[in-house]
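Architecture at a glance
Chain by chain, the residues run as shown.
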Amino acid sequence: MGIDKKDDLYEVSLQVVNPNQMSRKQSSERTPTFVLSMRSDSISEAIRKMVGMSSRRLYMSHMQILFVDEATAREGMHEPLDWLLRNNEIRPVFDLIIVRDHSAKEALTFVTSTELFPALDMHKALKLSYKSWAPNIYSQAKEFLESLNKDGVEPVITGLKLGEQADKAQKMDNVKQSPQHANYFFSGMGVFQEDRLVGWMNPSESRAYNYLTNHVDNSLFKVECPNAKEHFTLDVIRPKTKYDPKIVNDHPVLDATVYIEANINELRCKKVDLNKEEDLLKLQKIAADQYVEAINRGIRKAQSLGTDIFGFGEAFHRAYPAKWHVWKNDWDKRFEELDVNLRVTLQIK
């Protein structure tokens, strides 16, 4: 499903599987999916109006992704999600994606190369990239709602870009040549304050979110070589972060420790001998320092936006419940000024 804000109305679009294309015995020139679209000031009314546009009943429980444009996200996600989460046919495990620089409807009509159904292609790509590339995040409606209902943590949603020639990707010709006219890619992380989008973190900054919230399964990290312009690459495995909230002079202070194990994936440092322990320890120290710098950039960006996406407030809520009741009403301001002492313990296996 796609939701765009058009003037004062919602434009709701549905990507529907063409049942005639499900049979392997039949072959036709029809597309495997078609898109229905309707405008209304109500999400439920727009969908109900689509009943007369198809001879088949719309079965909503198969929905896997909700696309929204930036205008909808900035105005607030409460209204778009309200009907979806109340509907007893829809399971709240669908992905949430913000389409950047294009409309949600354009994302639904994007012809992809790997899967017949564009939404399924994007769903699988997002899950795969989330598990193997730390800057990408994976957000579902259930997690978004849980973040809204928790004290001391704000939600995030991944961003999607369709490329410069997205208009050419609306036709089947997009997959009849190599390379394609256009391809989609996930880019950046939308940062929310309550249910409203307030800003974006770039891929480098969004890496901090995944490490601090223990959402990294496996990833790569490029590190500059000592005394050289070359670099080496780490294959990161099993990172783990722990928070230690403290109160110092009646002010919140947070100690965060990130534990990382890694293997050397690529080495371009010409003056490094991995058989020497001192060289290996030097690489570990440089990598840990650059991790601290990268994660601190993400923390500073979130503080500049005034939204605690890392759950620092939730950690203080658990550790100091009585004090939290005093702080929670102005936690956004306290978060902006919060002292975070970050330490990275990294071991190259």
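Note that this is a predicted model, so its numbers are computed, not measured.

**Remarks on the overall build of the protein**
Check the secondary structure of the protein and you find 11 helices and 12 strands. Each of the three principal axes of the protein carries a C-alpha extent, and together these read 70 × 55 × 30 Å. Residues classed as buried in the protein amount to 49% of the 349 residues present. Within the protein, contacts between residues separated by at least 24 positions form 69% of all contacts whose residues are at least 6 apart in sequence. On the protein, roughly 18300 Å² of surface is accessible, and the fraction owed to carbon and sulfur atoms is 45%. One finds the centroid of the 48 positive side-chain charges in the protein at a distance of 5 Å from the centroid of its 50 negative side-chain charges.

**Some details on the environment of P239**
Inspection of the secondary structure puts P239 in strand 10 (residues 231–248). Along the chain, P239 and G199 lie 40 residues apart, while their C-alpha atoms are 27 Å from each other.

**What to know about the pattern of salt bridges**
Following the criterion strictly, the structure yields 19 salt bridges and no others. With a closest N to O distance of 3.7 Å, E314 and K150 form a salt bridge. Separated by 164 residues along the polypeptide, E314 in helix 9 (residues 312–319) and K150 in the loop between helix 6 (141–149) and strand 6 (156–161) bring together distant segments of the chain. Since its relative accessible area comes to 22%, E314 is described here as partly exposed. K150 sits in the partly exposed class, given a relative accessible area of 41%.

**Examining the sheet that holds strand 11 (residues 251–267)**
On the basis of which strands lie adjacent, the open sheet formed by 4 strands has the order 9-10-11-12 and mixed pairing. This sheet does not close on itself; its edge strands, each paired only once, are strand 9 (218–224) and strand 12 (339–348). Looking at each pair of strands side by side, their axes are set apart by 40 degrees on average, direction ignored. Pairing of strand 11 with strand 12, which is carried by 10 bridges, proceeds in the parallel orientation.

**Focus on the packing of aromatic side chains**
Inspection of every chain in the model, using the stated rule, returns 13 aromatic pairs. In textbook terms, an aromatic cluster arises when at least three aromatic residues are bridged by ring pairs, as seen for F316, Y320, W324, W327 and W331. One cation-aromatic arrangement involves K5 over Y10; the distance from NZ or CZ to the ring centre is 4.0 Å. Over the ring of W200 we find R100, and its NZ or CZ is 3.9 Å from the ring centre.

**Brief notes about helix 9**
Within the sequence span of helix 9, burial applies to F312, G313, A315 and F316. For helix 9, the angular spread of the buried residues around the axis is 155 degrees, confining them to a single face.

**A short note on the layout of surface pockets**
The volume enclosed by the largest pocket comes to roughly 710 Å³. Around the largest pocket sit 25 residues that line it, and Q15, V16, V17, Y59 and H62 are the ones nearest its centre. Residue assignment for the lining of the largest pocket shows that the elements contributing at least two residues are strand 2 (9–17), strand 3 (33–40) and helix 5 (118–132). For the lining of the largest pocket, the leading source of residues is strand 2, giving 4 residues. When the residues that make up the lining of the largest pocket are grouped by side-chain class, the tally is 15 nonpolar, 8 polar and 2 charged. Sorting the residues of the lining of the second largest pocket by element identifies helix 6, helix 7 (203–212) and strand 10 as the ones contributing at least two each. Here the element with the most residues in the lining of the second largest pocket is helix 6; it accounts for 4 residues.

Quick notes on the rules
Residues numbered from 1 in each chain as written. Predicted model: local features only at pLDDT ≥ 70, side-chain atom pairs only at ≥ 80, totals over all residues. Heavy atoms only, no water. Helix = DSSP H or I, 4+ residues; strand = E, 2+ residues; numbered from the N terminus. Buried < 20%, exposed > 50% of the residue type's maximum accessible area, 1.4 Å probe, protein only. Contact = heavy atoms within 4.5 Å. Areas by Shrake-Rupley, 256 points an atom, 1.4 Å probe, with all protein chains shown as cover. Lys, Arg positive; Asp, Glu negative; His and termini not counted. Charge placed at Lys NZ, Arg CZ, Asp CG, Glu CD. Salt bridge = Lys/Arg side-chain N within 4 Å of Asp/Glu carboxyl O. Pairing = 2+ DSSP bridges. Axes fitted to C-alpha atoms, helices over the stretch in contact; angles between N-to-C directions. Phe/Tyr/Trp six-rings, centres within 6.5 Å; stacked < 30°, edge-to-face > 60°. Lys NZ or Arg CZ within 6 Å of the ring centre and 35° of its normal. Arc of directions from axis to C-beta. 1 Å grid on protein atoms, 1.4 Å probe; cavity = no way out; pocket = protein on both sides within 12 Å on 5 of 7 lines; lining within 4 Å. Points joined across faces, edges and corners; volume = space filled by probe spheres on them. Nonpolar A, V, L, I, M, F, W, Y, C, P; charged D, E, K, R; others polar.

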